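Breakdown of the fold
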Amino acid sequence: MIGRKPNAVARFIAVAAVLLISASAFGQKRGAITGTITPATANVVVIATNQVTSKVTRTETDGSGRYAIKVRPGAYRLSVAPPFVARFDKTRPYGEHALIRDDSIENVIVSDGKDTKIAFAIEKIEEKPIANVPARKPLGAAGNTSVQSKPQKQSDRREVRDRWRIGFPEYDRYGDKGARGRDIPFRRGRWYDPYNQSWLKGDYPIIGNKVFMVLSAVSSTTAELSRTPKPSDVSSARPGSAEFFGKSEALAVNQLFQLTFELFHGDSTFRPRDWAIKISPTFSLPNNLNARETGVVNIDVRRGTNRTDTQFSFEEAFAEMKLTDVSENFDFVSARVGIQPFVSDFRGFIFSDNNLGARIFGSFDNNRYQFNAAYFAQLEKDTNSGLNRFDRRPQNVYVANIFRQDFIKKGYTIQASALYNDDRRSRKFDRNGFLVRPALIGDVRPHAIKVGYLGINGDGHLGRLNLTNSYYHVFGRDDRNPIAGRPVHVSSNMAAVEASIDHDYLRFRGSFFFAQGDKNPTDSQANGFDAIFDDPNFVGGQFSFWSRNGIRLTQTGVGLVQPNSILPSLRSSKIEGQANFVNPGILIYNAGVDVEVTQRLKAVFNVNYLRFHRTEPLEYILFQPNIRHEIGWDLSLGVAYRPLLINNLTLTFGAATLKPGRGFRDIYTTANTDCPANLAEFCTPDNVNINPSKPLFNLFGQVKFVF
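Moving on, we get to the pairing of strand β26 (residues 506-515). Here 10 bridges tie strand β25 (residues 486-503) to β26, and the two strands are oriented antiparallel to one another. Across the sheet, the residue bridging to D502 is R507, located in β26. Between β25 and β26, which follow one another and run antiparallel, lie 2 residues, and D504 among them has a positive phi close to 55 degrees.

Applying the stated criterion to the full structure yields 28 aromatic pairs. Note on F351 and F376: the rings are 5.3 Å apart at their centroids and 45 degrees apart in plane angle, and the pair reads as tilted. With a gap of 25 residues between them, F351 in the loop between β16 (332-343) and β17 (352-364) and F376 in strand β18 (residues 369-381) connect regions that are remote in the sequence. Per residue, the accessibility class of F351 equals that of F376, and both read buried. When the centroid spacing of 6.0 Å and the interplanar angle of 25 degrees are considered together, the rings of F543 and F700 count as stacked. Of this pair, F543 sits in the loop between β27 (525-526) and α2 (545-548) while F700 is found in strand β34 (residues 696-706), placing the two residues 157 residues apart along the sequence. Taken as a pair, F543 and F700 share a single burial class, namely buried. Taken together, Y67, F88, Y94 and F120 form an aromatic cluster joined through their ring pairs. Stacked on the ring of F318, the Lys or Arg R336 has its end atom at 4.2 Å from the ring centre. The residue whose ring lies beneath R359 is F361, and the NZ or CZ to ring-centre distance is 4.3 Å.

Okay, the confidence of the model for the protein next. The predicted model of the protein averages 87 in pLDDT, with 85% of residues at 70 or higher. Segment residues 18-27: pLDDT under 50, and 15 contacts once partners within four positions in sequence are set aside and those in other chains are kept. Scored below 50 in pLDDT, residues 684-690 makes 17 contacts in the model with residues more than four places away or belonging to other chains.

We now examine the pattern of salt bridges. When their charged atoms lie close together, side chains carrying opposite charge are able to pair. Following the criterion strictly, the structure yields 33 salt bridges and no others. The partner of E320 in a salt bridge is R273, and the shortest N-O contact between them spans 3.0 Å. In this pair, E320 sits in strand β15 (residues 306-325) while R273 sits in the loop between β13 (249-265) and β14 (275-291), placing the two residues 47 residues apart along the sequence. For the salt bridge of D391 with R389, the shortest nitrogen-to-oxygen distance reads 3.8 Å. Overall, the relative accessible area of 37% leaves D391 in the partly exposed class. The class for R389 is partly exposed, based on a relative accessible area of 22%.

Rules of the game
Residues numbered from 1 in each chain as written. Predicted model: local features only at pLDDT ≥ 70, side-chain atom pairs only at ≥ 80, totals over all residues. Heavy atoms only, no water. Pairing = 2+ DSSP bridges. Helix = DSSP H or I, 4+ residues; strand = E, 2+ residues; numbered from the N terminus. Phe/Tyr/Trp six-rings, centres within 6.5 Å; stacked < 30°, edge-to-face > 60°. Buried < 20%, exposed > 50% of the residue type's maximum accessible area, 1.4 Å probe, protein only. Lys NZ or Arg CZ within 6 Å of the ring centre and 35° of its normal. pLDDT = per-residue confidence, 0-100. Contact = heavy atoms within 4.5 Å. Salt bridge = Lys/Arg side-chain N within 4 Å of Asp/Glu carboxyl O.

Rendered as structure tokens:
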């Protein structure tokens, strides 16, 4: 040991000297490594690697075996590329600090403006493929390799050019083949297994290292039973019926199948896609409605009370191309053209649709800002399923917005939005025979709507407080509003805010929504607020009675509220009708709590109190004075269950009821017309309330499979 110390000290000093020389030389001018190889062979690749920076410089020998590599001053490792190996002579002085390491030499010192000469011999190695060396398989269902590698020639090295399919060893900590269901990080998968990687869902490329394919399918089965006010038609389903309101229950069953094929080029999660193609054929097989009154499923009462139909559609069919990279951190600008999903703000207050359009989107400042500029040439919608049809509608929608992340504080995002709705004159009967454009109320001449929206939205958290807020102002012109019967100038406002706090497995929420109403339905000003195509996830969302159900105003051809909306817009249809800005507006006060009962089960409770902002439009179209403002109390419970702990199988259930307030009762029940003496059992003792034994309710269940 004592005899070896000087040698060790000498080596330490040598290495320190090499590093010192390299560090002091960094940033100086260039020197060179030159020499010849024997036997003289052309096109042998000589490699010089800087031992401090790891920068690699290559050159090839000429016909006489000479080479020259110009590099910065420093210490270098010299070698040659396969199929050749270098053979350095240990008896030859290559430099004071040079060290020969098998087929390479280290500590070749290069000085500024000087040549360091290294001559050496080479040998060509004829490596033969190694047979019977099993390769480790990649995880999941990897499919066939997309980039072929060269045959293995060394027992301890294997080339894998398909970098996504690098093999992993089997691993099972407890050696019981996963019987305990844990500590198996490298578990093998199957193509149909959603828990593990698969080439079918874009985890592995199918062409080269950057072309991926995603195949997916969705099956959604929904059954819904509801009771909302429905009129007894001119030809009632019950002979001899004299009531103004008929049997109000309805059962709907809808089965949707969606297949999706997507092909894209990129580095998967490492950077934005270079291009993509996606197509999603969607089938409604079937859509069934079973009502208890005529005139519900079709305007022709001879069609009875049952309807079953089917629909085929494309809910997505677009091509996407990245136009440019904005920064080295993968900020980008891309374009997408075709049928595509788009939501204009965080909660879908103004525009939320899958439709035909062109969109430019991207990010900058390290993804702190994102932006969209979109144009949608709206397609007609199927009346019963809500899916796209293959007919163009004379309506164009323009959207521009920009997001700023970490505004004020980290975790809170702010958004500015501008939208324009150009809905031109047209006449349209839906598939059930009802007139939807223009609305069958007041002046039924076709009219055009040209309105703009300006809005500011926020979403995120400020410390412990989760916050969502939104404000919109709408302005423009309706050249002949059917209720006003004249051209009107549109000017109205909407505001919404939701605050919540998380505590363990509970989230406590409080929300408020306001949409301005119109106080004079016959003047030239339209001050009611309406959206373009809203689908708000707010004040209970899909579980709320008011939001989920479409409640019609009897004998008017319009709805008090449309399905999947919270605006009492008095329009004929949300999906096929036109926006209407002469409406009562609304105020909604919400309190709710989300409960993560288990990792599989979540419950959502909501209580909403609803009031009309103005009732003058209702009084005008119903010829009924003194309608009060109170709509009532909306109570709902939703349950989401994930039996497999993932979203590939979800079961959702909802139950909601509306306890009518005085204003709602004023609209749908009066002592003189709806509660005659011979039908006293339908009404309460005050003769102005719907019988409490006949509550308004909605029950639904949905089973969703995703592959």
